[in-house]
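Structural characterization, general
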Amino acid sequence: MFRGRKTETGREKGETKMEEMRGVQVEEVVSNARRLGIVVGEASATEFLFVAEREVPRWEYVSVFSVEETDEGRKPVEVIAQVHTILSASLALPHSLSFESAQRIVEAGLADNRTIAKARVLGYIHNGVVRQPRMAIKPGKEVFAASEEVLRRFYSFSDEEGLFIGNLITRSDVKVSISVNGLRRHLAIIAQTGAGKSYTAGVLMEELLKKGATIVVLDPHADYIFLSQDRNGGKFSDRVSVFRTKESTSRYEWEIGSVKNYEVRFSDLDFDEISMLCGFPKDETRWVNIKEAVRSAIEDLKEERGDFSLEELIELLQKRSLKGDEGASKALKYVETLREFRGIFGNSTTSASEFLKAKHVAVFDLSGLDDKVANFIAARVLREILALKLMQRSGGDGVMKYPVFVFVEEAHRFIPDDEKTLAKGILKRIAAEGRKFGIFLTLITQRPCKIDADALSQCNSQIIMRITNPEDQNAVRRSSERMSESLLNDLPGLNVGEAVVVGEVTRAPVMVRIRQRQTREGGADIDTVRLLREASAEAEAEESARASGEQARKEIEIVRSIVEGF
Ligand SMILES: Nc1ncnc2c1ncn2[C@@H]1O[C@H](COP(=O)(O)OP(=O)(O)OP(=O)(O)O)[C@@H](O)[C@H]1O
Ligand SMILES: [Mg+2]
């Protein structure tokens, strides 16, 4: 097929040479190719139009042969592009025609129809790396359907490096993987609600776990508590632990493997943590007396009994307040608010060694917890991870030496744009510096415009799914220079489970249908049908109870009237 394409237009000297130089590999690729059309009109190095010879679906991958100046001189290259717009037009049927004229032209068989496709250039591969062409694509060039083989080279990585996430939307025969190395510079999964963010995050966790990763998940909706199970409730992995508090509300209807309590012994909190929980500002002098009262009460309790509870701290402050200690009296109001966190305080402190293990997922089930409490757990867990990684960097023995992949579901609850939270500081620090220490974030959110813009822009890769809200689209536009306008325009057209992936995890932007989960989903969409059925049954039972009560009442009435009649 390739041999037949002798288009002289636009052919250069270099290209003739290219044909001679072309190795077996390229030859094979091309011989499988299917011609789709010819480049027409103005073309640039980033975009071109082609008139289609046959039906071309939107988002189809195409290739055009060109010549590029590389570090090894002028080389033939296969440029890959993706069709983003399809236009159908007719010279014989301009839009100025009246209906009658148009009808006459159609009836006379004079109506021509041409399909023009617009394609954006994705690049070409040279020595295993995707590069952007510098030369404009030449009009007259033939356009082929990109071969499976070249697409695979574009969109997959070696088994060791790649995380298999799905298949190309338009080419289900082409598997797509993303690079685990790309996760070093953090990832954001962004989409409107119900588009498939948690599902996708679950796929990534499965892949990472298979590779031996240490994963920590902050999970406000209990989306990942069943990760140890396969889709049918069998075993997927033993290496998943769920940490919950006394107040987590998710129901564990099934046996889900290892479930542990996450708790903190109150006396293990240091003054800075207590001060943060009380909301004492760091440097303000007005607060000196209050802070001093708390600090000295803590110190005295530590010295006196070592271990002590929040209630004991409150008691001591009350005693001192009664004795006229003004600082203690004012501090009480703040320290009493710590009762909000009662669900977390326990007899011991969950050690980081329980949740940071090689080839292991630790899911922190934060379901039903108040934002403040969820943030406290997040902040504490993240601070411990960072401390351990810092120790390891300075040569600490026996500390966590492997990278830690941290997934933050509902990230806008932990790192909102416009308010302070307990976890915001540490999350921003990890977003800015974590990669130096081997902490790699995945932020998951349906409200990119409500999340701290700095943290979001530190995510050098994005998996973006359906987004229709313009405000959120703008937030995506601001956070990623890699999202071209035309890709942004495609976002509302994505179906559930379809995603655009851009950034360091992929060689070129890619549209992928996320593969099926191997593990059981957690807080998936509520089963409305089942719940309505249950509601109907409940209502029926109520009505029949009422009816039988009514019947009994009538019978009593009858008996009473008979008795009274005697
Ligand atoms: N790739 C996929 N393949 C099959 N089903 C999917 C896929 N992605 C999502 N779904 C289904 O779509 C529904 C919504 O997915 P999911 O819960 O992941 O959405 P979400 O974006 O996390 O929503 P929310 O913002 O409400 O948390 C689920 O029932 C899930 O099973
Ligand atoms: Mg979700």
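None of these values were measured; they are calculated from a predicted model.

1. With respect to the overall build of the protein chain
The helix and strand inventory of the protein chain stands at 17 helices and 21 strands. Residue pairs in contact within the protein chain that sit at least 24 positions apart in sequence constitute 73% of those at least 6 positions apart.

2. Regarding the confidence of the model for the protein chain
Of all residues in the protein chain, 90% have pLDDT values of 70 or greater, and the mean over the chain is 87. Mean pLDDT in the protein chain bottoms out at helix 1 (residues 13-21), which sits at 38, and peaks at strand 17 (residues 404-408), which reaches 98. Scored below 50 in pLDDT, residues 1-29 shows 29 contacts in the model against residues more than four places distant or in partner chains.

3. Digging into the site of ligand 1
Contacts to ligand 1 come from 16 residues, most closely from T193, G196, S198, Y199 and G497. With 3 residues, the single largest contributor to the shell around ligand 1 is helix 5 (residues 197-210).

4. Here's the deal with unusual backbone geometry
Glycine aside, the phi torsion of most residues is negative, and most peptide linkages are trans. If you check the backbone angles, W59 has positive phi at about 75° while not being a glycine. By the secondary structure assignment, W59 is in the loop between strand 2 (47-52) and strand 3 (61-70). Even without being glycine, K359 reaches a positive phi, approximately 45°. Note that K359 resides in the loop between helix 10 (352-355) and strand 16 (360-365). Residue classification places K359 among the partly exposed residues on the basis of 15 C-beta atoms within 10 Å.

5. Let's talk about the pairing of strand 20 (residues 498-503)
Every other side chain in a regular strand lies on the same face of the sheet, so the side chains alternate between the two faces. Summarising burial for strand 20: 6 of the 6 residues are buried, a large majority. When strand 20 meets strand 21 (residues 510-514), the two strands line up antiparallel, connected through 4 bridges. Directly across from V500, in strand 21, lies its bridge partner M511. In sequence, strand 20 turns back onto strand 21 through a hairpin of 6 residues.

6. A short note on the sheet that holds strand 21
With respect to topology, 12 strands assemble into an open sheet ordered 9-8-21-20-19-10-18-17-11-16-12-13, the strand pairing being mixed. Both outer strands of the open sheet, strand 9 (175-179) and strand 13 (258-261), are each paired with one neighbouring strand and no more. Neighbour-to-neighbour, the strand axes of the sheet open up by a mean angle of 25°, direction not taken into account. Where strand 8 (residues 162-168) and strand 9 come together, 5 bridges link them in antiparallel fashion. Of the residues in strand 9, the one forming a bridge with F164 is S177.

7. Describing the pairing of strand 18 (residues 439-445)
Of all 7 residues making up strand 18, 7 are buried, and the element is well covered by its neighbours. Burial of the side chains of strand 18 extends over both faces: I439, L441, L443 and T445 are buried on one face and F440, T442 and I444 on the other. Bridging between strand 10 (residues 187-190) and strand 18 involves 4 bridges; their strand directions are parallel. Bridge pairing links A188 to L443 in strand 18. The pairing of strand 17 with strand 18 spans 5 bridges and is classified as parallel.

8. Overview of helix 5
End to end, helix 5 covers 20 Å across 14 residues, agreeing with the expected 20 Å (1.5 Å per residue, within 8%). Of all 14 residues in helix 5, 11 are buried; the element is thus mostly enclosed. Among the residues of helix 5, those classed as buried are K197, S198, T200, A201, G202, V203, L204, M205, E206, L208 and L209. Immediately downstream of helix 5, the backbone of G212 shows phi near 100°, a positive value.

9. Let's talk about the packing of helix 8 (residues 310-322) against helix 9 (residues 326-335)
Where helix 8 contacts helix 9, the axes come no closer than 8 Å and their chain directions differ by 150°. Relative to helix 9, the element helix 8 is oriented roughly antiparallel. Handedness of the crossing formed by helix 8 with helix 9: left-handed. For the pair helix 8 and helix 9, contact is made by L313, I314, L317, Q318, R320 and S321 and by A328, S329, A331, L332 and V335, respectively. When the residues that make up the contact of helix 8 with helix 9 are grouped by side-chain class, the tally is 7 nonpolar, 3 polar and 1 charged.

10. Focus on helix 15 (residues 470-479)
For helix 15, the full list of buried residues reads D472, Q473, A475, V476 and S479. Seen from one end, helix 15 has its buried residues packed into an arc of 155°, which puts them on one side. Across from the buried face of helix 15, at angles greater than 90 degrees, the exposed residues are P470 and E471. Looking at the buried positions of helix 15, the neighbouring elements they touch are strand 10, helix 14 (453-457), strand 19 (461-464) and helix 16 (485-490).

11. Brief notes about the packing of helix 7 (residues 288-305) against helix 8
Between helix 7 and helix 8, the least distance of the axes is 10 Å, while the angle of their chain directions is 120°. In terms of their interaxial angle, helix 7 and helix 8 are classed as oblique. Crossing handedness for the pair helix 7 and helix 8: right-handed. In this structure, helix 7 uses A293, A297, I298 and L301 to contact helix 8, whose residues at the interface are E312, L313, L316, L317 and R320.

Analysis parameters
- Residues numbered from 1 in each chain as written.
- Chains lettered and ligands numbered in written order.
- Predicted model: local features only at pLDDT ≥ 70, side-chain atom pairs only at ≥ 80, totals over all residues.
- Helix = DSSP H or I, 4+ residues; strand = E, 2+ residues; numbered from the N terminus.
- Contact = placed C-beta atoms within 7 Å.
- pLDDT = per-residue confidence, 0-100.
- Near = placed C-beta within 6 Å.
- Buried ≥ 20, exposed ≤ 12 C-beta atoms within 10 Å, placed from the backbone.
- Pairing = 2+ DSSP bridges.
- Axes fitted to C-alpha atoms, helices over the stretch in contact; angles between N-to-C directions.
- Expected span 1.5 Å × (residues − 1).
- Parallel < 35°, antiparallel > 145°, perpendicular 65-115°, else oblique.
- Left-handed = near helix turned anticlockwise from the far one by under 90°.
- Nonpolar A, V, L, I, M, F, W, Y, C, P; charged D, E, K, R; others polar.
- Arc of directions from axis to C-beta.

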